[in-house]
Amino acid sequence: MEASVILPILKKKLAFLSGGKDRRSGLILTIPLCLEQTNMDELSVTLDYLLSIPSEKCKARGFTVIVDGRKSQWNVVKTVVLMLQVILVSANKLTRYIEPCQLTEDFGGSLTYDHMDWLNKRLVFEKFTKESTSLLDELALINNGSDKGNQEKERSVDLNFLPSVDPETVLQTGHELLSELQQRRFNGSEGGVSWSPMDDELLAQPQVMKLLDSLREQYTRYQEVCRQRSKRTQLEEIQQKVMQVVNWLEGPGSEQLRAQWGIGDSIRASQALQQKHEEIESQHSEWFAVYVELNQQIAALLNAGDEEDLVELKSLQQQLSDVCYRQASQLEFRQNLLQAALEFHGVAQDLSQQLDGLLGMLCVDVAPADGASIQQTLKLLEEKLKSVDVGLQGLREKGQGLLDQISNQASWAYGKDVTIENKENVDHIQGVMEDMQLRKQRCEDMVDVRRLKMLQMVQLFKCEEDAAQAVEWLSELLDALLKTHIRLGDDAQETKVLLEKHRKFVDVAQSTYDYGRQLLQATVVLCQSLRCTSRSSGDTLPRLNRVWKQFTIASEERVHRLEMAIAFHSNAEKILQDCPEEPEAINDEEQFDEIEAVGKSLLDRLTVPVVYPDGTEQYFGSPSDMASTAEHIRDRMKLVSLKRQQLRHPEMMTTES
């Protein structure tokens, strides 16, 4: 029977063991209440409980029951104490059997007794006894179960079984209870009042101490079991997590990477593959974070130095590290491959745009205004072509680097045959480079054609400019002919010299004209080659022909005048220089008539302008120049006329004449 079961009855204090003893050392049982007003069943229960507390040794010494007969009917008292030896004494004679210090104050003694304090301690003791006993059984079961080596026996015990109560709490309760009990293990006086421990308290102390010792022993073993269990549980959890990481990385993780072997056929496709790879990396990052955490936990367990787990822990750590590093290396390789592919397609796209721009520039027919514009255009073409060369070289370098990486891709295949995928990637890269090379070659050919066309245009502009210059030169020669070539000479010799100079002058003009004609013919050929029209050949050639025609007419007129002047001076000089002793040599009147006729014709020609085909007229020199030349001719005609008269009338000739 437990006090907690009959707690309401015990609180009524129907009977109690005060701890006092009679002179025979028998326990004193006190029934303080009026029995007539007491529920006899409750009293019986109380007595049964109280009599079950003392040990058999104490019970052998007997009990002394103190009943206040003044408050009770004797028959009732006999009924209650029938089971015990009864001694009937009056109150003042109790001290014959019981020392005053063993009696409570109710019976004139000095023994202190607090029923509620005793009841509370009893409840604590019984609770501690019950919990500790149950806890010892549970701990023994747990401890013994963990020590069994047989796997079948291990399965019969739930290693995850926990005690129903907290061992720390039970131990604390026991220590507090023992401390309370030990405080009453002395006899003495306090305030002049005798006090002694109750027998049940004395009996409870060794029981509590024994239970505490057993609890501490089992609890120590239990703590070690828990530590081992915790370590084993932690190890199993680590092993489970390691296998989860390994299984995912070697399973779904590797499958994701096996499915990603392409490099894309454009920069957009490469970017999409890179984005997909970043998603795969993100999923792997979560497992890599678990790897880091597990690695730290394993390192902590290794530092703990448990020899029995070192081999298994190191094996787990090595397995986990190998798989994670292999997977991380593959992720990095894939990332580098995609980055190289992205750079390759980026360079290819830039080069394609450059080639498109160059091709667009070459496909547009240009009509530069002058040679400077052509030179600027040629310079721009050369710069663009050089930029294309640099871009193509960069594409080759990026492509070769990408091909080298693809050639190493097989080492990360995890047993997958990637020959087809690699061949597709290699064919694509080589195809892009070959296509760019062909496009660049076509552009180079077109640049060569454009360069030739530009050079022809430069020649065309040069020919047009030189032809226009030839016209200017010929015009200047014509102007010089009309303005400066006006003298006819003072005698035949000088006139012949002038005629020779004029012919050389005409040769220069002829060369200028021929040069202009050749230039204009070249412009025609260049225009036909360039399939364009000359800017100036339409009016340069007529101008050249017109000026040349004018020069030819003026030159012929100049030649006629010089030839007439030579004939005039030659005949005149012949007559004037002939010796007078030979008059018959110049006696021919026809000679004089001819000289006079030539002179008059020459004078008349000097007054006639040069008439061009378009009806315009131009005179040689100024009127004063013509007048001076005509005056010289007239003077010579006068001398010839005097000579004629002298020959006709010799007698008329005097020294004075």
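The structure reproduced in this document is the subject of the present report. Once a new chain begins, its residue numbering starts again from 1 and follows that chain's sequence as written. Restriction of local features to residues with pLDDT of at least 70 applies here, the model being predicted, together with a cutoff of 80 or more for giving and counting side-chain atom pairs; totals for whole chains, interfaces and linings are based on all residues. Values reported for side chains reflect all heavy atoms of the structure, with hydrogen atoms and water molecules removed beforehand.

**Some thoughts on the nonpolar core**
Then, number 1: Nine residue types can take part in a nonpolar core, namely buried Ala, Val, Leu, Ile, Met, Phe, Trp, Tyr and Cys, and a core is a set of them joined through side-chain atoms within 4.5 Å. Here the term buried applies to any residue with accessible area under 20% of the maximum for its type, exposed to any over 50%, and partly exposed to those in between, with areas from a 1.4 Å probe on protein chains only. Membership of the largest hydrophobic core comes to 54 residues, with the highest contact counts inside it found for Leu474, Leu478, Leu488, Phe551, Leu606, Phe620 and Ile633.
Then, number 2: Starting at the N terminus, helices and strands are each numbered in turn, a helix being any DSSP run of H or I of at least four residues and a strand any DSSP run of E of at least two. When contributions to this core are tallied by element, the ones reaching two or more residues are helix H11 (371-407), helix H12 (419-484), helix H13 (492-530), helix H14 (537-577), helix H15 (589-606) and helix H16 (623-648).
Then, number 3: Ranked by the residues each element gives to this core, the list is headed by H14, at 14 residues.
Then, number 4: Here, residues are in contact when the closest pair of their heavy atoms is within 4.5 Å. With sequence-adjacent residues up to four places away left out, Leu488 is seen in contact with Thr495, Leu498, Arg558, Arg561, Leu562, Ala565, His569, Leu602, Leu606, Thr629 and Ile633.
Then, number 5: Residues Ala341, Ala348, Leu395 and Val432 belong to the second largest nonpolar core, which totals 24 residues.

**Things to note about the packing of H12 against H13**
Then, number 1: To get an axis, a line is fitted to the C-alpha atoms, and for a helix only the part in contact is used. The angle between two axes follows their N-to-C directions and goes from 0 to 180 degrees. Two elements in contact, H12 and H13, have axes separated by 8 Å at closest approach and are oriented at 155 degrees. Taken together, the axes of H12 and H13 lie roughly antiparallel to each other. Two packed elements cross with a definite hand, and for H12 against H13 that hand is left-handed.
Then, number 2: Residues are sorted three ways: Asp, Glu, Lys and Arg are charged, Ala, Val, Leu, Ile, Met, Phe, Trp, Tyr, Cys and Pro are nonpolar, and all the rest, Gly among them, are polar. Here the contact of H12 with H13 is composed, by residue class, of 21 nonpolar, seven polar and three charged. Should an angle fall under 35 degrees it is taken as roughly parallel, and over 145 as roughly antiparallel, whereas 65 to 115 is taken as roughly perpendicular and any remaining angle as oblique. If you view the pair so one helix is near and one far, a crossing is left-handed when the near helix is turned anticlockwise from the far one by less than a right angle, and right-handed when it is turned clockwise.

**Regarding the packing of aromatic side chains**
Then, number 1: We call Phe, Tyr and Trp rings a pair once their centres come within 6.5 Å, taking the six-membered ring for Trp, and we label the pair stacked below 30 degrees between planes, edge-to-face above 60, and tilted otherwise. Counting across every chain of the model gives seven aromatic pairs.
Then, number 2: A ring pair is formed by Phe16 and Tyr113, whose centres lie 4.5 Å apart and whose planes are at 10 degrees; its orientation type is stacked. Remark: Tyr113 occurs in the loop between helix H4 (74-80) and helix H5 (115-147) and Phe16 occurs in strand S1 (residues 16-21); sequence separation between them is 97 residues. Comparing Phe16 with Tyr113, the two get one shared label, buried.
Then, number 3: Note on Tyr219 and Tyr222: the rings are 6.2 Å apart at their centroids and 25 degrees apart in plane angle, and the pair reads as stacked. A residue pair is termed a helical-turn pair when its members lie 3 or 4 positions apart in one helix, as Tyr219 and Tyr222 do in helix H8 (residues 199-258) at three residues.

**Remarks on unusual backbone geometry**
Glycine aside, a negative phi is what most residues show, and trans is what most peptide bonds show.
Then, number 1: If you check the backbone angles, Lys13 has positive phi at about 55 degrees while not being a glycine.
Then, number 2: Looking at the element boundaries, Lys13 is found in the loop between helix H1 (7-10) and S1.
Then, number 3: For Lys13, a relative accessible area of 24% corresponds to the partly exposed category.
Then, number 4: In this model, Ser25 sits at a positive phi of 70 degrees, which is unusual for a non-glycine residue.
Then, number 5: Within the fold, Ser25 resides in the loop between S1 and strand S2 (27-31).
Then, number 6: The exposure class assigned to Ser25 is partly exposed, which follows from its relative accessible area of 33%.

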